[in-house]
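Survey of secondary and tertiary structure
Listed below, chain by chain, are the residues.
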Amino acid sequence: MGIIPVSVFSDADKNAYHTIWTDESVHIGGSKSSESYLRMEKIISAAKEAGAEAIHPGYGFLSENADFIQMVEESGLVFIGPSSKSVRMMGSKTAARELMSKSGVPIVPGTKKGIESVEEAKNEALKIGYPILFKASAGGGGKGLKRVNNEDELADILESAKREAKNAFGDDTVYIEKLIEEPRHIEVQVISDKHGNYAHLFERECSVQRRHQKIVEESPSTFIDQKTRANLTSAAVSAAKACGYVNAGTIEFLVDKNKNFYFLEMNTRLQVEHPVTEWITGIDLVKEQIRIAAGEKLSFAQDELKINGHAIECRIYAEDPANNFLPSTGVINYHKMPQGPGIRVDEGIDTGSNVSVYYDPMLSKLSCWSRNREGSIAKIRTALQNYIISGVRTNISLLIWVLNHSAFNSGMYDINFIEKEYLKYSLTEETSQPGEIHKIIAALSREAAKLPINGKNGKIQNEWELLKYD
Amino acid sequence: MTELIINDGKSEEIVLILSDDELLLGGQKLKYEIYQVNPYFKLLRIGSKNYRFALCDREEKSVGYLTEGHYFRYSVQTRLEKAIDEITSHQKESQKIFDVKSPMPGLVLKIKKRSGDIVQANESVLILEAMKMENDIKSPSSGIIKELLADEKQSVEKGTLLFRIEQLTN
């Protein structure tokens, strides 16, 4: 696009990947993000100092911070993303829920206020339909969260939910929400320009999660049919319109086993998993974001888009599957990325990079495209096996486990998939290499460090030295 | 020839590296080739089969490596190292006086300390040659060498008392 990128960096990121590969970079403070990447005024003055015209916030730190966006707007710079007003509207969960409800976007059914009596609870539960959840109004972290399967057990559970809420938060107010069983997390990419044009770029299936963190995403979803897709995407566009949204955003839905979907929240930014959408639509979302921010119209019309093939993304994290997924830090001493048609790596590291304790342990994102789902599963599995990151532990073995699992392959899984299945499994048995090979590798590894580079069995083989020229 | 005991935490297996290109595993003799692509990435070839692996950690008695996206870690010890480990770990529990015995038959090659010397934990006291390998026999604890019973060039049997360390109390 002929744009010169300028990055900002902290002490820890002086020679980080993003710093190295941008044409200019401005130092903005200490390694802790509170001293650098979260300092709004520093970032804005860095942009001005470098003569930048616009700020792209990426997908962490301040990317969904309405105060920051407002500050950018007031500074005369352009924010590559939605307006602070839209972000504020969608930022409050309760306000967003109300706005969606008014705009005809389905939300998880529930009571708006606290439950006063057992009778009231029974009436509301009957309207909503069992199973239901009692949730503490002041709550969080699972406290005061109780499942009720039928009317007989309601009174006792209400009492205990109130008690738990009182003990945990000093407030015994609880409300009712429908329990979505075996839900899937399916989201829709939307995009809009400043001229009132809206479009969606289909769905992303993000039900493979570990501790509420997505790790494998795919598009299209195997779970939804044409009719559901039409309803889901049109609800997503309605949601974007309701908050006057401009630029790229994502509407997240919970989808139950009967394909009913409910608004969860809106991510008012570019998402980590945007490559799968780029693969199946051929649209460069970041390029589109920049064009929109510059006042241009969407470069395509809705009816020009169709789902082409199938794409999967795996998030590679520096964490140790054998040690309760503790983040792993250290220097990457070897980084070799897989390649081939339909393989993409969005990497944030290279050989020699230091993985520090300061930031998110995501190292890179591997995504693959193929003409169908079987093809992209096969491709990304091979790519993962050929992806070498040494120096820190990674979750690659967990990702291979997911791709080999029958539930994932059949497409019949929900957001509890990893929690339900992973415990049964021991990681170390899963390569195709027979056990004795491991013993041999281990034995030879002890001696292998002594080998010269490109040598065989300790003898340097430089055949140029042996060649005789006439 | 190097005899290595490979332990994955559950079971043990012995790999006998006979030479640069031959090893013995489970009574079976195998031809192998090993190439170093770069300091961290290696190729093992057995017959016509290629096995790629990246060395991640290499400590004195253990290795960790990555293959096909999976990480493995094994303890890799010579018989002597294993025996020393067992003796010293046993002795650590009974404290105060540590008797260091020869873990296997061998020849005392060199004695590095004298009786009365103060040594640190894991400091080498003497070198024992066994199975054509030189092995440091280290002090299991910091302390004073109370007695040094071995002589250079002395052949010792398994269980021969080599030296005795008295732990220093602070």
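Residues numbered from 1 in each chain as written. Chains lettered and ligands numbered in written order. Predicted model: local features only at pLDDT ≥ 70, side-chain atom pairs only at ≥ 80, totals over all residues. Heavy atoms only, no water.

Okay, the overall build of chain B next. Counting secondary structure elements, chain B contains one helix and 16 strands. With respect to the principal axes defined by its C-alpha atoms, chain B has extents near 55 × 35 × 30 Å. Burial statistics for chain B: of 170 residues in total, 44% are counted as buried. By sequence separation, contacts in chain B at least 24 residues apart represent 42% of the contacts at least 6 residues apart. Entry remark: accessible area of chain B is about 8900 Å², with carbon and sulfur atoms responsible for 46%. The distance from the centre of the 25 positive side-chain charges to the centre of the 27 negative ones in chain B is 1 Å. (Helix = DSSP H or I, 4+ residues; strand = E, 2+ residues; numbered from the N terminus. Buried < 20%, exposed > 50% of the residue type's maximum accessible area, 1.4 Å probe, protein only. Contact = heavy atoms within 4.5 Å. Areas by Shrake-Rupley, 256 points an atom, 1.4 Å probe, with all protein chains shown as cover. Lys, Arg positive; Asp, Glu negative; His and termini not counted. Charge placed at Lys NZ, Arg CZ, Asp CG, Glu CD.)

On to the domain arrangement of chain B. Residue and element names in this part refer to chain B. Each assigned domain of chain B is listed here: domain 1 (2-77) and domain 2 (79-167). Computed from C-alpha atoms alone, the centre-to-centre distance between domain 1 and domain 2 is 29 Å. Listed as interface residues are nine residues of domain 1 and, on the opposing side, seven residues of domain 2. By the criterion of area lost to domain 2, the three top residues of domain 1 are Glu-3, Ile-5 and Gln-77, representing 58% of everything that side buries. In this structure, the connection of domain 1 to domain 2 is made through three salt bridges. The shortest N-O distance in the salt bridge between Asp-85 and Lys-61 comes to 3.4 Å. In this assembly, domain 1 and domain 2 are joined by four residue pairs in polar contact (both at pLDDT 80 or more). Those elements that place two or more of their residues in the side of domain 1 that touches domain 2 are β1 (2-7), β2 (12-17) and β8 (70-77). (Domains from an automatic or database assignment. Buried area = accessible area lost by both parts, 1.4 Å probe. Salt bridge = Lys/Arg side-chain N within 4 Å of Asp/Glu carboxyl O. Polar contact = N/O pair within 3.5 Å; in protein donor to acceptor, adjacent residues only side chain to side chain.)

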